[in-house]
Amino acid sequence: MHSLCVILDDARISWSCVPDNLKCEDLPSFVKEGHLQSLSSSKEWHDDVQLADMVLILFNTPIYTLIDERDHYSILEKNINPISGKAGTEQFDMDALLQFGARGAYRVQLPEELAIHLMPDATKTEHYITHLIRELGMRSGLDGVHLRFGASRILIVVVEENKLLFCNQFDFQTSEEVIYFTLLAYEMTNSSTGTIPLYLYGQIEEDSSIYSNLRKYFKNVYFYSSPECLLPKYHKYWDHLSVHRKLRIEYAHH
């Protein structure tokens, strides 16, 4: 049994296809990256798609809005079609975040380079932000500010006692901008920079200037890790690992 995690971030794609007996420490060797336009000529991509029994696609698009659970039916009545396995015009979808009484709404266009390889019966889709928020909702003891780094965009999510207090994305170019937006999240949620922890995910290294500057402003800064996995730099791969875990759990319950 193989699961395939696909993460779409603008024109780039990151994916990993792993067997169900994979040890998390071995995951980095399975993660591959590239441009969407090069998929058709990628033997690695075609081989992994052929192996996959389950697929989850995470759309990491900048347009994402949280909607109160009580309001989502009125939005669905506007004849907007959910995402399908077909490429084409921009489409709309919503992911349930029932634990927080909300839904994540977003628009996305399924790229033709990806759509032609999809297996409709085995493929699920959701937004990257939805996935992160769900992960936080399932793990206790993660109250705090969560900062995920992309190449030029950060995602900030603040959770306290199973309440979602803040969720927003920002484009950045300098470490000063990262500091500013993170301080903004702390301020808007009345969180203390001296006590409330800051968890880091994604494309950030311990020897980077951004990390050094964050340590100057926030007392408790941690690279996100997992007690059940000994993988170094877990924060860079938590998304792939959590997707594969999610797919295995869902398959086991079928």
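Everything numeric here is computed off the predicted structure, so don't read it as measured data.

Colleague: Help me out: how do you make sense of the packing of helix H5 (residues 175-188) against helix H6 (residues 209-217) in this one?
Modeller: How two helices sit against one another is set out by the angle between their axes and by the gap between those axes. Two numbers describe how H5 lies on H6: the axes approach to 9 Å, and their chain directions differ by 40°. Classified by the angle their axes make, H5 and H6 are oblique. For H5 against H6, the interelement crossing comes out right-handed. Along the contact surface, H5 presents Ser175, Val178, Ile179, Thr182 and Leu183, while H6 presents Ile210, Asn213, Leu214 and Tyr217. Of the residues belonging to the contact of H5 with H6, the class tally is six nonpolar, three polar and no charged.

Colleague: How do you make sense of helix H7 (residues 238-252) when you look at a structure like this?
Modeller: Note that an α-helix has 3.6 residues per turn; residues three or four places apart therefore point the same way. Between its first and last C-alpha, H7 extends 21 Å over 15 residues, near the 21 Å set by a 1.5 Å rise per residue. Taken together, the buried positions of H7 are Trp238, Asp239, His240, Leu241, Ser242, Val243, His244 and Leu247. Buried residues belonging to H7 abut strand E1 (2-9), strand E2 (12-19), strand E4 (54-59), helix H4 (128-138), strand E9 (144-149) and strand E12 (198-202).

Colleague: Help me out: how do you make sense of the sheet that holds strand E11 (residues 163-171) in this one?
Modeller: By definition, the strands of a sheet pair up through backbone hydrogen bonds, in either a parallel or an antiparallel sense. Taken in spatial order, the five strands line up as E11-E10-E9-E12-E13 in an open sheet, and their pairing is mixed. Only two strands of the sheet have a single partner each, and these edge strands are E11 and strand E13 (221-223). With strand direction ignored, the average angle separating the axes of adjacent strands in the sheet is 20°. Two strands pair when backbone bridges link them, and E9 and E12 are joined in this way by five bridges, in the parallel orientation. Residue pairing across strands places Phe149 opposite Gly202, the latter belonging to E12.

Colleague: What is the right way to read the side chain of Thr61 from this model?
Modeller: The residue Thr61 is located in the loop between E4 and strand E5 (65-68) in this model. According to the relative accessible area criterion, Thr61 is buried, its value standing at 16%. A polar contact is formed between the side chain of Thr61 and the side chain of His127, at a distance of 2.9 Å.

Colleague: Can you walk me through the sheet that holds E4 in this structure?
Modeller: Strand order in the open sheet formed by five strands is E3-E2-E1-E4-E8, with mixed pairing between adjacent strands. Strands with a single pairing partner mark the edges of an open sheet, and in this sheet they are strand E3 (32-35) and strand E8 (123-127). Each neighbouring strand pair of the sheet contributes to a mean axis angle of 20°, computed without reference to strand direction. In terms of strand pairing, E1 meets E2 through eight bridges, oriented antiparallel.

Colleague: Before we go on, may I ask you to explain the packing of H4 against H7 in this structure?
Modeller: Contact geometry for H4 and H7: axes closest at 11 Å, N-to-C directions at 75°. As judged from the angle between their axes, H4 and H7 are roughly perpendicular. Within the contact between the two elements, H4 uses Tyr128, His131, Leu132, Arg134 and Glu135 and H7 uses Trp238, Asp239, Ser242, Val243, Arg245 and Lys246. Its residues assigned to classes, the contact of H4 with H7 comprises four nonpolar, two polar and five charged.

Colleague: Sorry if this is basic, but what is going on with the state of the cysteines here?
Modeller: Two cysteines joined by a covalent bond between their sulfur atoms form a disulfide. Across all of its chains, the model carries one disulfide by this definition. Cys24 shares a disulfide with Cys229; S-S distance 2.2 Å. What sets the handedness of the Cys24 and Cys229 disulfide is the S-S torsion sign, and at about 115° it is right-handed. Placement of Cys24 in the loop between E2 and E3 and of Cys229 in the loop between E13 and H7 is noted, with a sequence separation of 205 residues between them. Here the two residues Cys24 and Cys229 agree in accessibility, since each one is buried.

Here is what the cut-offs are and how they apply
- Residues numbered from 1 in each chain as written.
- Predicted model: local features only at pLDDT ≥ 70, side-chain atom pairs only at ≥ 80, totals over all residues.
- Heavy atoms only, no water.
- Axes fitted to C-alpha atoms, helices over the stretch in contact; angles between N-to-C directions.
- Helix = DSSP H or I, 4+ residues; strand = E, 2+ residues; numbered from the N terminus.
- Parallel < 35°, antiparallel > 145°, perpendicular 65-115°, else oblique.
- Left-handed = near helix turned anticlockwise from the far one by under 90°.
- Contact = heavy atoms within 4.5 Å.
- Nonpolar A, V, L, I, M, F, W, Y, C, P; charged D, E, K, R; others polar.
- Expected span 1.5 Å × (residues − 1).
- Buried < 20%, exposed > 50% of the residue type's maximum accessible area, 1.4 Å probe, protein only.
- Pairing = 2+ DSSP bridges.
- Polar contact = N/O pair within 3.5 Å; in protein donor to acceptor, adjacent residues only side chain to side chain.
- Disulfide = S-S within 2.5 Å.

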